[in-house]
Amino acid sequence: MRAEGRAVDDELLADISPARSENVNFFGTINVEVDTELAKLDPAGYLPLRPRRPDRP
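All figures in this text were calculated on a predicted structure; none of them were measured in a lab. (Residues numbered from 1 in each chain as written. Predicted model: local features only at pLDDT ≥ 70, side-chain atom pairs only at ≥ 80, totals over all residues. Heavy atoms only, no water.)

(A) Quick peek at the overall build of the protein. Across its full length, the protein carries two helices and zero strands. By residue count, 2% of the 57 residues in the protein fall in the buried class. Here the protein has roughly 5700 Å² of accessible surface; of this, 57% comes from carbon and sulfur atoms. (Helix = DSSP H or I, 4+ residues; strand = E, 2+ residues; numbered from the N terminus. Buried < 20%, exposed > 50% of the residue type's maximum accessible area, 1.4 Å probe, protein only. Areas by Shrake-Rupley, 256 points an atom, 1.4 Å probe, with all protein chains shown as cover.)

(B) Highlighting the pattern of salt bridges. With the rule as written, the count across this model stands at two salt bridges. A salt bridge links Glu4 to Arg6, with the nearest nitrogen and oxygen atoms 3.7 Å apart. Using a relative accessible area of 62% as the deciding quantity, one classes Glu4 as exposed. The partner of Glu37 in a salt bridge is Lys40, and the shortest N-O contact between them spans 3.2 Å. (Salt bridge = Lys/Arg side-chain N within 4 Å of Asp/Glu carboxyl O.)

(C) Up close: a nonpolar patch on the surface. Judged by side-chain polarity, Val34, Leu38, Leu41 and Leu47 come together as a nonpolar surface patch covering roughly 360 Å² of accessible area. Structurally, the position occupied by Leu47 is in the segment after helix H2 (34-39). The exposure class assigned to Leu47 is exposed, which follows from its relative accessible area of 53%. (Patch = residues over 30% accessible without salt bridge, like charges linked within 9 Å, V, L, I, M, F, W, Y side chains within 5 Å.)

Given below as structure tokens:
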């Protein structure tokens, strides 16, 4: 989108996909470190929400 001249907020792009391009290999397979991702979960098994920024409603 930026290549087309559109203004795109970095914070918005961070929420588009849980996979980042460095995790996707040549064959389109997503490589994930399972132990690292599981360590991010709360005791109920959910990812914690990010705190709301004070400058955003």
